[in-house]
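What follows is each chain in one-letter form.
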Amino acid sequence: AKKEYTGEAIEQMKENKTVTNGRGKNAIVLENADYDIIDYQSNLKRGTGYVVIKGKGNYGGTKKIAFKIGARSVLKWWKDI
C-alpha cells in the first residue's frame, strides 16, 4: 500500500499487511507469528521503500518487499506553515 511522505522514516505495520508463501491457488497466508520485520531500507524519502522480513518456525529465509512512498499533499504543507 502506498504511504505518504512525512519527513520521517516510514514503517509498515504487520497488523495491516498480508504476507504469503507462494503464489496463486497454492499460496499460504502467513500469520504475524510466522515472520519478523528485521529491517527497513530507503524509507525516508518519496519513491520506493523496502521492508525486510525473516521467516520463523516452519518458515526460513528473508524477503525484501517494496512499498511506495508518495509525495505529501500541498495542502498539508500549507497547513503546517
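Look above for the structure.
Residues numbered from 1 in each chain as written. Predicted model: local features only at pLDDT ≥ 70, side-chain atom pairs only at ≥ 80, totals over all residues. Heavy atoms only, no water.

## A closer look at the overall build of the protein
Each helix and strand counted, the protein has one helix and six strands in total. The N-to-C order of helical and strand elements in the protein reads β-β-β-β-β-β-α. Within the protein, the fraction of its 81 residues that count as buried is 20%. Across the protein, every contact between residues at least 6 apart in sequence was considered, and the portion connecting residues at least 24 apart equals 36%. When the accessible surface of the protein is totalled, it reaches about 6,300 Å², and 50% of it is carbon and sulfur. (Helix = DSSP H or I, 4+ residues; strand = E, 2+ residues; numbered from the N terminus. Buried < 20%, exposed > 50% of the residue type's maximum accessible area, 1.4 Å probe, protein only. Contact = heavy atoms within 4.5 Å. Areas by Shrake-Rupley, 256 points an atom, 1.4 Å probe, with all protein chains shown as cover.)

## Here's the deal with the nonpolar core
Ile10, Val19, Leu30, Tyr35, Tyr40, Val51, Ile53, Phe67 and Ile69 form the largest nonpolar core, which has nine residues in total. The set of elements that each furnish at least two residues to this core consists of β4 (35–41), β5 (47–55) and β6 (62–70). The contacts of leucine 30, once residues within four sequence positions are left out, are Val19, Thr20, Asn21, Tyr35 and Tyr59. (Core = buried A, V, L, I, M, F, W, Y, C linked by side-chain atoms within 4.5 Å.)

## Remarks on the pairing of β5
Pairing analysis gives six bridges linking β4 to β5, with the strands arranged antiparallel. When the sheet's bridge partners are listed, tyrosine 40 is paired in β5 with valine 51. Between β4 and β5, which pair antiparallel and follow one another directly, the connecting turn spans five residues, one of which, serine 42, has a positive phi of 55°. Strand direction decides the pairing type here: β5 and β6, joined by eight bridges, are antiparallel. (Pairing = 2+ DSSP bridges.)

## As for the pairing of β6
Alignment of strand β1 (residues 3–4) against β6, held across two bridges, turns out to be parallel. Its bridge partner being in β6, lysine 3 is matched across the sheet by isoleucine 69. Once β5 ends, the chain turns through six residues before running back antiparallel as β6, passing glycine 57 with a positive phi of about 65°.

## Re the sheet that holds β6
Across the sheet, four strands lie side by side as β1-β6-β5-β4; this open sheet has mixed pairing. Of all strands in the sheet, those with a lone pairing partner are β1 and β4, marking the two edges.

## Thoughts on the environment of glycine 55
The topology assignment puts glycine 55 in strand β5. Counting along the chain gives 21 residues from glycine 55 to aspartate 34, while the straight-line C-alpha distance between them is 5.9 Å. Not counting residues within four places of it along the chain, the set of residues in contact with glycine 55 comprises Asp34, Tyr35, Gly60 and Gly61.

Nothing here speaks to function; it is geometry throughout.
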